[in-house]
Protein chains: 2
Amino acid sequence: MERKEEVGKENGNSEEELRTLSDGSICGFESLHRLLESSLSPPVFKEVSRLLIGMNCGKPLEPLPIIEIAKGLSSQHDFDIQAFRFNADKELLREPRIVRVGLIQNSISLPTTAPFLDQKKAIFQKLKPIIDAAGASGVNILCLQEAWTMPFAFCTREKRWCEFAEPVDGESTQFLQGFARKYNMVIVSPILERDLKHGETMWNTAVIIGNNGNIIGKHRKKIKLLQMKCQNHIPRVGDFNESTYYMEGNTGHPVFETAFGKIGVNICYGRHHPLNWLAFGLNGAEIVFNPSATVGELSEPMWPIEARNAAIANSYFVGSINRVGTEVFPNPFTSGDGKPAHADFGHFYGSSHVSGPDASCTPSLSRNKDGLLISDMDLNLCRQLKDKWGFRMTARYEVYADMLSRYVKPDFEPQVISDPLLHKNHV
Amino acid sequence: MERKEEVGKENGNSEEELRTLSDGSICGFESLHRLLESSLSPPVFKEVSRLLIGMNCGKPLEPLPIIEIAKGLSSQHDFDIQAFRFNADKELLREPRIVRVGLIQNSISLPTTAPFLDQKKAIFQKLKPIIDAAGASGVNILCLQEAWTMPFAFCTREKRWCEFAEPVDGESTQFLQGFARKYNMVIVSPILERDLKHGETMWNTAVIIGNNGNIIGKHRKKIKLLQMKCQNHIPRVGDFNESTYYMEGNTGHPVFETAFGKIGVNICYGRHHPLNWLAFGLNGAEIVFNPSATVGELSEPMWPIEARNAAIANSYFVGSINRVGTEVFPNPFTSGDGKPAHADFGHFYGSSHVSGPDASCTPSLSRNKDGLLISDMDLNLCRQLKDKWGFRMTARYEVYADMLSRYVKPDFEPQVISDPLLHKNHV
């Protein structure tokens, strides 16, 4: 967090826009991919891309054309827009199952000192043209970022930010239901949830809105708690004081069968847990979204690794979303690192992207500005990769079911084989 | 495998050495890292490195000096040599625990048509100076590549290559025991094992030789089967016809407590299974080796992702080793892909590297030539990362013990929540 980053408005990456900071590092580039593209000769860039973001059906990932109305909204409202297509092999007994998926990343709109209602309304206003661009582009499933209705204020440990929490059928859901109906679009909406039927406790929740505008599961009262997906793993690191606000989720690892495919939602810190990713896979997910809020110095080199590994290991697609920008709070806070109090959480580096089950990956959206990433994906690729690599078949889950059952017992003894000469040497 | 690769002898990466192939791709570069280093301006390379291979204690990974004798052996015998240091924070109640780890990658030495005894001896001769370079450099724990005594002949499905199999205390172990004693060095030796006490069956096995030249566990007859580590997951993909030769291992996930730290061995295809990596972590490993044999078109973009994810998720170091070169066999074979018979398996792309628990990673060894990678690692970093990120603490293993126990039952029902309007629409 000490390295000052300038949040620029540059688009593209001519070397002129790069600035060198006092510590010799650079800033002002939009993304790793664009930085490499502008710095390397085309054949070198091609080989570097093959090594870094893989190949899809033996070729580099295909860019998709972007329709004029979306381009217009993008330049008018200054958000990044990129689009790609994941192909699959043609099958003889199954038609292609192509789904168009959209990811939105954004910064907050007003300073955190503005009245809460104004802050919230301003975010809604900011998102409107981006959601319209997605809808007009024919996106089937859209996912927003974690806690999208509010600044990521958990770093402050101040409870007044709890006011941003909403019930599952609250204002933000109603706002999105309109778009879902208008565009026949499934929308995944990660919010801070106020659970009115459980003593007004809070959860970090993703509401799944069906393409008819319905909250999926709404009419199945018996499984009320399964209507949404709560965060399964809560961080205890850095300024992510989220455990101060809500508990680990109690909704399991539901997979939602929507009109356009089976989706799961792995919220934020859950991406660090391979077992969490696995559970969505075992429940049949074909696309797992990872709406997140994470900052540069802490996690940026891990960001593509964990998502891509999950996509590979589980033979599904992963859509990773991170918010953008630096949020400055009214009251300074310390970070448990012995350093002086400060008022911001660091730079949320955006870089939203989609990972394929075949180890291919889209370039990332901007590190600095709002963005919409559109990806066509033939869901047939999931089973094709299962058939090719056989990870599910060769996984020996019974070995691990047994091991984990033993591990969670207080008297678990690790399987350690000591060199018998070791202790002899030490005598 | 269709893209022809030329196995060059170039060192470094001046643009002159790069050659463009008929499909517009390039070859002739030693590694992604060197290619980027020679193609990018220093500040851009610095930022790209930060994003790609992370930071260690807030700084780029430190290169280690290489001693003259090792440099001499490297140029005399034409193998790549690189060395790096993973630092940890200074603790007040624990001394640093710095271990020097060596990884060796190599091609075979004679054509696969040579008499088997000559082939094997030639590999021993080829390895001698590389092991000497490691020993002279003060390496504490050395790991060789998978099935290092032989060509990776499983692609042929011909059983005559079984002749290369050896008992755990066979010729290759005896060869390495001399080095272990001479250099006070633990050696991990992955071989095709002939199990004389179990009907001469074969295993894909790593023999763990202690720094006194003993086979660790040798004197503990009761746990004979735990003396070594057998491959837990066997591929059923491409030309990896290994399941024709040996079964999944039955030795669990042992962690070996050596004079220099607790190590595990995750052989080859086991790297695709996050649960396999996890099990070594739960048993207390601080370094997990992944001796492998894998080829370009199939796995190269996955290669760094899976190892680094394992290091991050489990808060330990991972040493990844892949063999080098193209091995051509006497009799052509088909690959189950409808294409004509061919006599080689593709290009083993080397690229051995070490991943740290803090998401940092060494650059990779050459894609084309033999190599020795030396890494100093302060093992204190493992616990420091556990304390920082709390992945073990927040993992909720009881949830997954339960889920896997249910999953392995034939009547398992995935947790799926269907949009109630979905089937209505379809009616």
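Definitions and cut-offs
- Residues numbered from 1 in each chain as written.
- Chains lettered and ligands numbered in written order.
- Predicted model: local features only at pLDDT ≥ 70, side-chain atom pairs only at ≥ 80, totals over all residues.
- Heavy atoms only, no water.
- Helix = DSSP H or I, 4+ residues; strand = E, 2+ residues; numbered from the N terminus.
- Rg over C-alpha atoms; globule rule 2.2 N^0.38 Å.
- Buried < 20%, exposed > 50% of the residue type's maximum accessible area, 1.4 Å probe, protein only.
- Lys, Arg positive; Asp, Glu negative; His and termini not counted.
- Charge placed at Lys NZ, Arg CZ, Asp CG, Glu CD.
- Domains from an automatic or database assignment.
- Pairing = 2+ DSSP bridges.
- Axes fitted to C-alpha atoms, helices over the stretch in contact; angles between N-to-C directions.
- Contact = heavy atoms within 4.5 Å.
- Least-squares fit on C-alpha atoms with pLDDT ≥ 70 in both.
- Buried area = accessible area lost by both parts, 1.4 Å probe.
- Salt bridge = Lys/Arg side-chain N within 4 Å of Asp/Glu carboxyl O.
- Polar contact = N/O pair within 3.5 Å; in protein donor to acceptor, adjacent residues only side chain to side chain.
- Nonpolar A, V, L, I, M, F, W, Y, C, P; charged D, E, K, R; others polar.
- Phe/Tyr/Trp six-rings, centres within 6.5 Å; stacked < 30°, edge-to-face > 60°.
- Lys NZ or Arg CZ within 6 Å of the ring centre and 35° of its normal.
- pLDDT = per-residue confidence, 0-100.
- Arc of directions from axis to C-beta.
- Parallel < 35°, antiparallel > 145°, perpendicular 65-115°, else oblique.
- Left-handed = near helix turned anticlockwise from the far one by under 90°.

**Q** Run through the overall build of chain A, naming residues and quoting values.
**A** Scanning chain A for helices and strands turns up eleven helices and 18 strands. The C-alpha radius of gyration of chain A comes to 22 Å, within 12% of the 22 Å expected for a compact globule of 427 residues. The dimensions of chain A, computed from C-alpha atoms along their principal axes, are 70 × 60 × 55 Å. Of all 427 residues assigned to chain A, the portion counted as buried reaches 65%. Across chain A, 47 positive and 50 negative side-chain charges occur, with their mean positions spaced 6 Å apart.

**Q** Requested: an account of the domain arrangement of chain A, with residues and values cited.
**A** Domain annotation for chain A reports domain 1 (55-389) and domain 2 (397-426). If you average the C-alpha positions of domain 1 of chain A and of domain 2 of chain A, the two centres end up 38 Å apart.

**Q** Please give an account of the sheet that holds strand 16 (residues 353-355) of chain A that cites residues and values.
**A** Across the sheet, six strands lie side by side as 16(A)-13(A)-12(A)-11(A)-10(A)-18(B); this open sheet has mixed pairing. Strands at the two margins of the open sheet, each flanked by one partner only, are strand 16 of chain A together with strand 18 (416-418) of chain B. Strand-to-strand twist of the sheet, defined as the mean angle between neighbouring strand axes without regard to direction, takes the value 25°. Where helix 6 (residues 274-282) of chain A meets the sheet, it contacts strand 10 (255-258), strand 11 (261-265), strand 12 (287-292) and strand 13 (317-322) of chain A, and its direction lies at approximately 145° from that of strand 12 of chain A. Here helix 8 (residues 303-314) of chain A sits on the sheet in contact with strand 12, strand 13 and strand 16 of chain A, set at roughly 155° to strand 13 of chain A.

**Q** Any chance you could break down the relation of the copies chain A and chain B for me, citing the residues and the numbers?
**A** You can overlay chain A on chain B at an RMSD of 0.0 Å; the transform is a turn of 180° with a shift of 0.0 Å along its axis. Accordingly, the operation relating the two chain copies is best matched by a two-fold axis. In this assembly, 100% of the residues forming the interface of chain A have copies in chain B that are likewise at the interface, indicating an isologous arrangement.

**Q** A description of the environment of A:Trp161 should follow, citing residues and the corresponding values.
**A** All names here are of chain A. Relative to the elements of secondary structure, tryptophan 161 occurs in the loop between strand 6 (141-143) and helix 5 (171-183). Residue tryptophan 161 is classed as buried on the basis of its relative accessible area, which comes to 0%. Remark: the alpha-carbon pair of tryptophan 161 and methionine 55, spanning 106 residues in sequence, is separated by 44 Å. Look past the residues within four positions of tryptophan 161 in its chain and what remains in contact with it is Thr112, Phe116, Gln119, Met150, Pro151, Ala153, Thr156, Leu192, Phe329 and Pro330.

**Q** So what about the interface of chain A and chain B? Which residues, and what values?
**A** Across the boundary between the two partners, chain A contributes 101 residues, which contact 101 residues of chain B. Across the chain A/chain B interface, buried area totals approximately 9300 Å², and carbon plus sulfur atoms make up 66% of it. Of all residues in chain A, the largest losses of buried area upon contact with chain B belong to A:Trp389, A:Gln415 and A:Ile417, amounting jointly to 9% of the total for that side. Across the pair B:Arg50 and A:Glu300 runs a salt bridge, and its minimum N-O distance is 3.2 Å. The interface formed by chain A and chain B holds 38 residue pairs in polar contact (both at pLDDT 80 or more) in total. Take the side of chain A that touches chain B: its biggest share by element is nine residues, from helix 10 (residues 397-407) of chain A. Taken together, the residues that form the side of chain A that touches chain B break down as 52 nonpolar, 30 polar and 19 charged. Two strands pair when backbone bridges link them, and strand 10 of chain A and strand 18 of chain B are joined in this way by three bridges, in the parallel orientation. Its bridge partner lying in strand 18 of chain B, A:Phe256 is registered against B:Ile417.

**Q** I'd love a proper account of the packing of aromatic side chains, names of residues and values included.
**A** Residues and elements named next belong to chain B. Inspection of the entire model under this criterion finds 46 aromatic pairs over all chains. When the centroid spacing of 5.0 Å and the interplanar angle of 25° are considered together, the rings of phenylalanine 116 and tryptophan 161 count as stacked. One end of the pair, phenylalanine 116, is in helix 4 (residues 116-136); the other, tryptophan 161, is in the loop between strand 6 (141-143) and helix 5 (171-183), with 45 residues separating them in the sequence. Exposure class is identical for phenylalanine 116 and tryptophan 161. Each is buried. When the centroid spacing of 6.2 Å and the interplanar angle of 80° are considered together, the rings of phenylalanine 152 and phenylalanine 348 count as edge-to-face. Linking phenylalanine 152 in the loop between strand 6 and helix 5 with phenylalanine 348 in strand 15 (residues 342-349), this pair joins segments that are 196 residues apart in sequence. A cation sits over an aromatic face here: lysine 159 above tyrosine 245, 5.7 Å from the ring centre. Across from the ring centre of phenylalanine 348, 5.8 Å away, lies the NZ or CZ of arginine 323, which sits over that ring.

**Q** Could you give an account of the pattern of salt bridges, with specific residues and numbers?
**A** Scanning the model with the defined rule gives 40 salt bridges over all chains in all. We note a salt bridge from A:Asp376 to A:Arg100, for which the minimum N-O separation is 2.6 Å. Remark: A:Arg100 occurs in strand 5 (residues 98-105) and A:Asp376 occurs in strand 17 (residues 371-378); sequence separation between them is 276 residues. The salt bridge partner of B:Lys120 is B:Glu171, with a shortest N-O separation of 3.3 Å. Separated by 51 residues along the polypeptide, B:Lys120 in helix 4 and B:Glu171 in helix 5 bring together distant segments of the chain.

**Q** Just give me the short version of the confidence of the model for chain A, but keep the residues and values in it.
**A** Residues and elements named next belong to chain A. Per-residue pLDDT for chain A has a mean of 91; in total, 92% of the residues score no lower than 70. With pLDDT under 50 throughout, residues 1-16 is counted as low confidence; its partners more than four residues away or in other chains account for 45 contacts. Every residue in residues 219-226 scores below 50 in pLDDT, and together they form eleven contacts with partners more than four places removed in sequence or on other chains.

**Q** Lay out helix 3 (residues 68-77) of chain A with the relevant residues and their values.
**A** Residue and element names in this part refer to chain A. All of the buried residues along helix 3 are Ala70, Leu73 and Ser74. Down the axis of helix 3, the sector holding all buried residues measures 100°, keeping them to one side. Along helix 3, exposed side chains directed more than 90 degrees from the buried face belong to Glu68, Ile69, Ser75 and Gln76. Packing partners of the buried residues in helix 3 comprise strand 4 (80-86) and helix 4 (116-136). Immediately downstream of helix 3, the backbone of aspartate 78 shows phi near 55°, a positive value.

**Q** Describe the packing of helix 1 (residues 32-39) of chain A against helix 2 (residues 42-53) of chain A, with residues and values.
**A** Relative placement of two packed helices is described by the angle separating their axes and the distance separating the axes. Residues and elements named next belong to chain A. Running from N to C, helix 1 and helix 2 cross one another at 160°; their axes reach a closest spacing of 10 Å. One way to sum up the angle between helix 1 and helix 2 is to call them roughly antiparallel. Crossing angle aside, the handedness with which helix 1 passes helix 2 is right-handed. Residues His33, Leu36 and Glu37 of helix 1 pack against Phe45, Val48, Ser49, Leu52 and Ile53 of helix 2. Of the residues belonging to the contact of helix 1 with helix 2, the class tally is five nonpolar, two polar and one charged.

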